[in-house]
Amino acid sequence: MSRATFWNVIAKKYARDPVADVPSYEKKLAMTQALLRPEMQLLEVGCGTGTTALYHAPKVARIDAIDFSKAMIGIARDKATDQGISNVDFRVASLADLPKTPLYDMALGLSLLHLLDDPTAGLAALAGQVKPGGYVVTSTVCMGDMTGLAPKIVPWIGKLGLIPKVALVTRDQLIAAHKAAGLAVVEEFRPRPDASVFLIAQTPV
């Protein structure tokens, strides 16, 4: 099963499922919104059903939100219509489809990097979309830091094609990837050792 097919199949269930850790999600939203200004242009890669983009939309001028799942984008567009939000452009695309031009004041890659074949290259490509002095915001499952069976079982299931592949990224590797991409980490949040690592980084001025 291809990655796009997997997310198309589970899109409706994904949209219905509640956020697993509401306080942490709300903290990440607040940390991001503290940087937003009315004139900003944002990019979100892997936007899913659009919840985060629509939350931030009233605070900025425009958001381009992309996902390679047609079903996810369809749900996101319906949500935007229902909420009366018109400054978010939801479209089917991947990071590789974007022009290699720094157009945005902030790029978000939430629950994204660990699902890429090369998280380091993906982060560099995301950073390449951001203007000098702009921000790259990521939230990454660092399964390489986890103990127990999950780091062994999940990648194996991914290789079978039953779920998307998950890279065994560690927090230290993630930080190193940011430095390699020329990014300076300015904020970090990880509520528990087994939780995703949320980073706000800045591109060079």
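Heads up: the structure comes first, above all this text.
So, here's what we can say about the structure. (Residues numbered from 1 in each chain as written. Predicted model: local features only at pLDDT ≥ 70, side-chain atom pairs only at ≥ 80, totals over all residues. Heavy atoms only, no water.)

1. A word on the overall build of the chain
A count of helical and extended segments in the chain gives seven helices and seven strands. Secondary structure elements of the chain, listed N to C terminal, follow the sequence α-α-β-α-β-α-β-β-α-β-α-α-β-β. Against the 2.2 N^0.38 benchmark of 17 Å for 205 residues, the chain shows a C-alpha radius of gyration of 16 Å, consistent with a compact globule. By its C-alpha atoms, the chain is 45 × 40 × 35 Å across when sized along the principal axes. Among the 205 residues that make up the chain, the fraction classed as buried is 45%. Taking the contacts inside the chain whose residues are at least 6 apart along the sequence as the reference set, 68% of them involve residues at least 24 apart. (Helix = DSSP H or I, 4+ residues; strand = E, 2+ residues; numbered from the N terminus. Rg over C-alpha atoms; globule rule 2.2 N^0.38 Å. Buried < 20%, exposed > 50% of the residue type's maximum accessible area, 1.4 Å probe, protein only. Contact = heavy atoms within 4.5 Å.)

2. A look at the sheet that holds strand β1 (residues 41-45)
Pairing in this open sheet of seven strands is mixed, and the strands run β3-β2-β1-β4-β5-β7-β6 from one edge to the other. The two strands at the open ends of the sheet, each matched to only one other strand, are β3 (88-92) and β6 (184-189). Looking at each pair of strands side by side, their axes are set apart by 15 degrees on average, direction ignored. Across the sheet, helix α7 (residues 171-180) is in contact with β5 (130-140), β6 and β7 (197-202); its angle to β7 comes to roughly 15 degrees. (Pairing = 2+ DSSP bridges. Axes fitted to C-alpha atoms, helices over the stretch in contact; angles between N-to-C directions.)

Purely geometric numbers; function is a separate question.
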